Amino acid sequence: MTVKTYTAMVVEEMEKNHFSRSITTKTVDQLPDGEVLIKVCWSSLNYKDALSASGNRGVTKKYPHTPGIDASGVVEESRSDAFQPGDKVIVTSYDLGMNTSGGFGQYIRVPASWVVPLPAGLDLRESMIFGTAGFTAGMSVMALTDSVPADRGEILVTGATGGVGSLSVALLAGLGYSVTAVSGKKEAEPFLTGLGAKKIISRDDATVGQDRPLLKGIWAGVVDTVGGEILASAIKATDLRGIVTCCGNVASPDLPLTVFPFILRGVSLIGIDSQNCPMEHRRKVWQHLAGEWKPTQLSDLCREVTLDGLESEIEKILGGGQTGRVVVRMDT
Ligand SMILES: NC(=O)c1ccc[n+]([C@@H]2O[C@H](COP(=O)([O-])OP(=O)(O)OC[C@H]3O[C@@H](n4cnc5c(N)ncnc54)[C@H](OP(=O)(O)O)[C@@H]3O)[C@@H](O)[C@H]2O)c1
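Every chain is numbered on its own, with residues counted from 1 as its sequence reads. Local features in a predicted model are, by the rule used here, given only for residues with pLDDT of at least 70; side-chain atom pairs are given and counted only at 80 or more, and totals for whole chains, interfaces and linings are based on all residues. Excluded from the side-chain calculation are hydrogens and water; included are all heavy atoms of the structure.

A. Geometry of the overall build of the protein chain. Under the scheme used here, helices are H or I runs from DSSP no shorter than 4 residues and strands are E runs no shorter than 2 residues, and both carry numbers assigned from the N terminus. Across its full length, the protein chain carries eight helices and 15 strands. Overall, the protein chain is about 70 × 45 × 35 Å in size when its C-alpha atoms are taken along their principal axes. Working definition: with a 1.4 Å probe on protein chains only, accessible area under 20% of the residue-type maximum means buried, over 50% means exposed, and in between means partly exposed. Burial statistics for the protein chain: of 332 residues in total, 53% are counted as buried. Considering only intrachain contacts with a sequence separation of at least 6, the fraction spanning at least 24 residues in the protein chain is 71%. For the accessible areas, the method is Shrake-Rupley and the probe is 1.4 Å, while residue cover comes only from the protein chains on display. For the protein chain, the exposed area adds up to about 14100 Å²; of that, 51% sits on carbon and sulfur atoms. Contact criterion: two residues are considered in contact whenever any of their non-hydrogen atoms come within 4.5 Å of each other.

B. Structural detail: the sheet that holds strand β10 (residues 199-201). The six strands are arranged β10-β9-β8-β11-β12-β13 in an open sheet whose pairing can be described as parallel. In this open sheet, the two strands that pair with only one neighbour each are β10 and β13 (268-271). Between one strand and the next, the sheet's axes are offset by a mean angle of 20°, whatever the strand orientation. Whether two strands pair depends on DSSP finding at least two bridges between them. Sheet topology places strand β9 (residues 178-182) next to β10; three bridges connect them, and they run parallel. Each bridged residue has a counterpart across the sheet, and for Val 182 the counterpart in β10 is Ile 201. In this description, a line fitted to the C-alpha atoms serves as the axis of each element, helices being fitted only across the stretch in contact, and the angle between N-to-C directions of two axes falls anywhere from 0 to 180 degrees. Against the sheet, helix α3 (residues 163-174) makes contact with β8 (154-157), β9 and β11 (219-224), and its axis sits at roughly 165° relative to β8, the strand it touches most.

C. Quick peek at a nonpolar patch on the surface. Each patch is built from residues that are more than 30% exposed by relative accessible area and take part in no salt bridge. Like charges join if they lie within 9 Å; nonpolar side chains (Val, Leu, Ile, Met, Phe, Trp, Tyr) join within 5 Å. Put simply, a salt bridge is a Lys or Arg side-chain nitrogen that is within 4 Å of an Asp or Glu carboxyl oxygen. The grouping of Val 259, Phe 260, Ile 263 and Leu 264 at the surface amounts to a nonpolar patch, some 390 Å² of accessible area in total. Among the structural elements, Leu 264 can be located in helix α6 (residues 260-265). With a relative accessible area of 53%, Leu 264 lands in the exposed category.

D. How the structure looks around the site of the ligand. We call a residue near a molecule or strand as soon as one heavy atom of that residue lies within 4 Å of the molecule or strand. With respect to spatial proximity, 27 residues lie near the ligand, and among them Thr 161, Val 164, Ser 183, Ile 272 and Ser 274 are the closest. Polar contact is defined as a pair of N or O atoms within 3.5 Å, subject to the rule that within protein one atom must be able to donate a hydrogen and the other to accept it, and that residues adjacent in sequence are counted only when both atoms are side-chain atoms. Here an oxygen atom of the ligand sits 3.5 Å away from a polar atom, N or O, in the main chain of Gly 162. In the environment of the ligand, an oxygen atom lies 3.0 Å from a nitrogen or oxygen atom belonging to the side chain of Arg 203. Coverage of the ligand by the protein amounts to 87% of the 920 Å² it exposes when considered alone. At the level of elements, α2 (124-145) and α3 are the ones that each hand at least two residues to the shell around the ligand. Residues are grouped as follows: Ala, Val, Leu, Ile, Met, Phe, Trp, Tyr, Cys and Pro are nonpolar; Asp, Glu, Lys and Arg are charged; all remaining types, including Gly, are polar. Taken together, the residues of the shell around the ligand break down into ten nonpolar, 14 polar and three charged.

E. Representation of unusual backbone geometry within the structure. The omega torsion of the bond from Tyr 63 to Pro 64 falls at 5°, within 30 degrees of zero and hence cis. Within the element layout of this structure, Pro 64 appears in the loop between α1 (47-53) and β4 (70-78). Positioned with a positive phi, Tyr 94 is a non-glycine residue whose angle comes to about 50°. Structurally, Tyr 94 is set in the loop between β5 (88-92) and β6 (107-110). Note on Tyr 94: relative accessible area 17%, which makes it buried. Non-glycine residue Arg 241 carries a positive phi angle of around 60°. Position of Arg 241 relative to the elements: it lies in strand β12 (residues 238-246).

What follows is the structure, given as structure tokens:
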């Protein structure tokens, strides 16, 4: 019997703490056990992928390894009644691309409990324009819009040109919210206004009042993707009963704050963890993204590369230089 081969990015530790990436041929029998074998058509690049691809042991413990926390494709074999060969599916998060061979390979094999049927309203490529970044934006927007109506006031989105940030701007603007975007990229204004942002402020303007416990309450809600001083200032400037979501730490994992925004203004800080999101909630978020929340500018939000083109994109995202999303065409 011939064993099926496929192309994948492989990250190897060449000597202690020195990693190298290559595009290599692997065989399907090297994949981990799992009920569903999926031929990957599209993947996408997230900040976490860049960490895994550069040897970050907080994300990936064992190398050699194929990163890629996102994949969409077609079921080729299934030992689960829930999925049949030919089904179009999405897999994001859980352990995919962390310590399980990921979407930067043309095949993945995963437990059926990680697999989401492609919802009506999305094609496989569009699902990866969202990917984990869009799914996380969707979770953040759902947490915020559940409690803050669009007429309550302005919403601040930080790290606004990044994957989670740009999709949060697009989703919120599409739902009728007035969005102020924080960006470190001076040239980003046309991109962000094109997504529907009403105002753009610099990172410096977003970190005023570091020595004060509270600032004038101007935000009805905040979607934060960066942490650190920017998140702290955003919380201090959130108005009564405002909702702040927090998902990332590209600026810093620290949060220099007092309890005053919470006990004097009733501000809520909601943690967003897409990796362990329960399947019922996961499907609900995907339904929103595929349906009434789907941004009209979705395709403008991404650039397309193949595995060969990923190298420079990985360096760019590590340096905070990405704008929007990068989708990876896997069927070439
Ligand atoms: N909790 C979860 O489930 C979850 C899921 C997905 C992602 N995340 C996390 O969310 C964060 C964003 O992910 P992503 O995929 O959107 O990354 P990304 O595409 O690289 O976007 C991050 C953006 O943050 C801004 N930024 C970068 N460095 C910064 C700094 N030093 N200070 C302030 N802003 C900075 C940049 O936007 P501007 O230039 O426009 O400012 C950058 O484009 C990461 O920490 C990621 O690990 C968490």
